[in-house]
Amino acid sequence: MVHLLYFAWVREMVSTDSETITLPTELTTVAALLDWLATRSPGHAAALADRSRIRIAVDQAFATAATPLNNPREIAIFPPVTGG
């Protein structure tokens, strides 16, 4: 099981701040995970439609679409953060 965390406007669009789910075994990369999550609800689809607007962390390390999902414990999905 993996704990998914959603932050900022992503959280608002998917209507939850977190969920714990069992990932299908065929999901081997972050890109595959995002594709699968986008099918879970209209909110997920809307939040994940423009992948350039989100960032991912797998077990608290920044990840790319090609990052493998080697049995993660936690995945965070959030918008880019800017400083000022």
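In this text, all values refer to a predicted model and were calculated from it rather than measured experimentally.

S.K.: Is there a simple way to think about the overall build of the protein in this case?
M.R.: Looking only at helices and strands, one finds 3 helices and 5 strands in the protein. Going from the N terminus to the C terminus, the protein shows its helices and strands as β-α-β-α-α-β-β-β. A globule of 84 residues ought to have a C-alpha radius of gyration of about 12 Å, and the protein, at 12 Å, matches this closely. In the protein, which comprises 84 residues, the proportion classed as buried is 36%. Long-range contacts, defined as pairs at least 24 residues apart, comprise 50% of the intrachain contacts of the protein with a sequence gap of at least 6. Element-wise, carbon and sulfur atoms account for 54% of the exposed surface of the protein, whose accessible area totals about 5000 Å². Where the 6 positive side-chain charges of the protein centre and where its 8 negative ones centre are 4 Å apart.

S.K.: What's the story with the nonpolar core in this structure? I'm lost.
M.R.: Side chains of nonpolar character tend, in soluble globular proteins, to be buried together. Residues Leu37, Ile56, Leu69, Ile75 and Ile77 are the most contacted members of the largest nonpolar core, which totals 21 residues. Here this core gets 4 residues from one element, more than from any other, and that element is helix 2 (residues 30-37). The residues touching Ile77, leaving out its near neighbours within four places in the chain, are Leu5, Tyr6, Phe7, Val10, Leu34, Leu37, Leu48, Ile54, Arg55 and Ile56.

S.K.: Help me out: how do you make sense of the side chain of Glu19 in this one?
M.R.: Here Glu19 shows up in strand 2 (residues 18-21). Reaching out from Glu19, the side chain makes a polar contact with the side chain of His44 at a distance of 3.2 Å. Not counting residues within four places of it along the chain, the set of residues in contact with Glu19 comprises Val2, His3, Leu4, Tyr6, Arg40 and His44.

Cut-offs applied
All residue numbers refer to positions counted from 1 along the written sequence of the respective chain. Owing to the predicted nature of the model, reporting of local features is limited to residues with pLDDT of at least 70; listing and counting of side-chain atom pairs is limited to 80 or more, with chain, interface and lining totals taken over all residues. Calculated side-chain values reflect all of the structure's heavy atoms, with hydrogen atoms and water omitted. The helix and strand labels rest on DSSP assignments: H or I over at least four residues marks a helix, E over at least two residues marks a strand, and numbering proceeds from the N terminus. Atoms considered for the radius of gyration are the C-alpha atoms alone. The globule rule reads 2.2 Å times the number of residues to the power 0.38. Any residue under 20% of the maximum accessible area for its type is buried, any over 50% is exposed, and the rest in between are partly exposed; the area is computed with a 1.4 Å probe on protein chains only. The contact criterion used throughout is that any non-hydrogen atoms of two residues lie within 4.5 Å. Each accessible area is a Shrake-Rupley estimate made with a 1.4 Å probe; only the visible protein chains count as cover when residues are assessed. A residue counts as positive if it is Lys or Arg and as negative if it is Asp or Glu; His and the chain ends are not included. The location of each charge is read from NZ of Lys, CZ of Arg, CG of Asp or CD of Glu. Among buried residues, the Ala, Val, Leu, Ile, Met, Phe, Trp, Tyr and Cys ones that are joined through side-chain atoms within 4.5 Å form a nonpolar core. As used in this structure description, the phrase polar contact means that two N or O atoms lie within 3.5 Å; if the pair is within protein, one of them must be able to donate a hydrogen and the other to accept it, and residues adjacent in sequence are counted only when both atoms belong to side chains.

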